[in-house]
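The primary structure of each chain is shown beneath.
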Amino acid sequence: QVDESMLTGEPLPVNKEAGSDPAAALTGGSINGEGRVVMQVGAVGSETVLSTIIRLVEDAQAAKAPIQRMVDQVSAVFVPVVLLIALATLLGWWLTGHPFEVAVINAVAVLVIACPCALGLATPAAIMTGTGVAARFGILIKDAQALELAHKVDIVAFDKTGTLTVGRPKLTALRVLPGMTEEEVLRVAASLQSGSEHPLAHAVVSRA
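Asker: Even after reading the chapter, I still don't get the overall build of the protein, so can you show me in this structure?
Answerer: Within the protein, the regular secondary structure consists of 8 helices and 2 strands. If you list the helices and strands of the protein from N to C, you get β-α-β-α-α-α-α-α-α-α. Here the C-alpha radius of gyration of the protein, 30 Å, is well above what a compact globule of 208 residues would show, namely 17 Å. By its C-alpha atoms, the protein is 110 × 40 × 30 Å across when sized along the principal axes.

Put into structure tokens, the structure is as follows:
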């Protein structure tokens, strides 16, 4: 039985049996719960599941969001225009009799003021920061467009409770038969479960 909550969010362990069934595959990084496991390695290095997940996050960080593509189009026109204006400023000051140093200073001033650095750097920096922070909280963003549109989300629906829990079952209610007390039942159950590594056994022992 293997704890795969790291990948699936499901708190209960998954039974694994030898065979070619895809469900029988063991994933590196999951937790062996009950004993010795003999396995055959089917993927190493960049072929593993974790490497694939890391690659997805890196692709999202490198991808261009729609707003960034628009910024690139604007910059493609904006930068040459700014360079031409700076050159015109340089020639204008120099040809009107001013020292060359003054002309250069004024041309550089035009470049510094009109340079679209913030325009070209803010969007990719925001994408890298956003995907990085999300990854630390267990949220994987597969493309930059999803991150850009995330601010419009009003409702998030989860398809299973395992993604919202801590991944550890907890005994919340106990119903005993007539003639027995809750403490007595818990003592017997915990003594039976104390030698097990199963999450449900841990829940009973913790309650006791």
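The discussion continues.
Asker: It is not clear to me how the layout of surface pockets should be interpreted in this structure. Could you clarify?
Answerer: Using a probe with the size of a water molecule, rolled over the atoms, empty space left in the structure can be pinpointed. Considering only enclosed or pocket space, the largest pocket measures out at about 850 Å³ in volume. For the lining of the largest pocket, the per-class residue count stands at 12 nonpolar, 12 polar and 6 charged.

Asker: What exactly am I supposed to notice about a nonpolar patch on the surface here?
Answerer: On the surface, L84, L87, L91, W94, L95, F100, V104, V108, V112 and I113 cluster together into a nonpolar patch covering about 1000 Å² of accessible area. Looking at the nonpolar patch, the elements that each hand over two or more residues are α3 (66–95) and α4 (100–114). Relative to the helices and strands, F100 is located in helix α4. F100 sits in the partly exposed class, given a relative accessible area of 39%.

Asker: Help me out: how do you make sense of the confidence of the model for the protein in this one?
Answerer: Predicted coordinates in regions of low pLDDT should not be interpreted in detail. In the predicted model, the protein carries a mean pLDDT of 82, and 90% of its residues have values of at least 70. When pLDDT is averaged over each helix and strand of the protein, the minimum, 77, is found for helix α1 (residues 5–8) and the maximum, 91, for helix α7 (residues 182–193).

Asker: Can you help me understand helix α8 (residues 199–207) in this one?
Answerer: The periodicity of an α-helix, 3.6 residues per turn, causes residues three or four positions apart to be oriented the same way. Considered for burial, the residues of α8 that qualify are A201, A203 and V204. The buried residues of α8 all sit within an arc of 155° when viewed along its axis, so they share a single face. Lining the buried residues of α8 we find α7.

Asker: I tried to follow the packing of α7 against α8 on my own but got confused; where do I start?
Answerer: Pairs of packed helices are described in terms of their axes, by the angle between the two and the distance that separates them. Taken N-terminus to C-terminus, the directions of α7 and α8 make an angle of 140°; their axes are 9 Å apart at the nearest point. It follows that α7 is oblique to α8 by the angle criterion. Once α7 is placed against α8, the crossing between them reads as left-handed. Counting all contacts with α7, which are made through E182, L186, A189, A190 and Q193, the residues of α8 involved are A201, V204, V205 and R207. Considered class by class, the residues forming the contact of α7 with α8 number 6 nonpolar, 1 polar and 2 charged.

Asker: How should I be thinking about the packing of aromatic side chains in this particular structure?
Answerer: Note on aromatic pairs: each is described by the distance of the centres and the angle between the planes. Under the definition given, this model contains 1 aromatic pair. For the ring pair W94 and F100, a centre distance of 5.2 Å and an interplane angle of 70° mean the geometry is edge-to-face. Overall, the relative accessible area of 43% leaves W94 in the partly exposed class.

What counts, and at which threshold
- Residues numbered from 1 in each chain as written.
- Predicted model: local features only at pLDDT ≥ 70, side-chain atom pairs only at ≥ 80, totals over all residues.
- Heavy atoms only, no water.
- Helix = DSSP H or I, 4+ residues; strand = E, 2+ residues; numbered from the N terminus.
- Rg over C-alpha atoms; globule rule 2.2 N^0.38 Å.
- 1 Å grid on protein atoms, 1.4 Å probe; cavity = no way out; pocket = protein on both sides within 12 Å on 5 of 7 lines; lining within 4 Å.
- Points joined across faces, edges and corners; volume = space filled by probe spheres on them.
- Nonpolar A, V, L, I, M, F, W, Y, C, P; charged D, E, K, R; others polar.
- Patch = residues over 30% accessible without salt bridge, like charges linked within 9 Å, V, L, I, M, F, W, Y side chains within 5 Å.
- Areas by Shrake-Rupley, 256 points an atom, 1.4 Å probe, with all protein chains shown as cover.
- Salt bridge = Lys/Arg side-chain N within 4 Å of Asp/Glu carboxyl O.
- Buried < 20%, exposed > 50% of the residue type's maximum accessible area, 1.4 Å probe, protein only.
- pLDDT = per-residue confidence, 0-100.
- Arc of directions from axis to C-beta.
- Contact = heavy atoms within 4.5 Å.
- Axes fitted to C-alpha atoms, helices over the stretch in contact; angles between N-to-C directions.
- Parallel < 35°, antiparallel > 145°, perpendicular 65-115°, else oblique.
- Left-handed = near helix turned anticlockwise from the far one by under 90°.
- Phe/Tyr/Trp six-rings, centres within 6.5 Å; stacked < 30°, edge-to-face > 60°.

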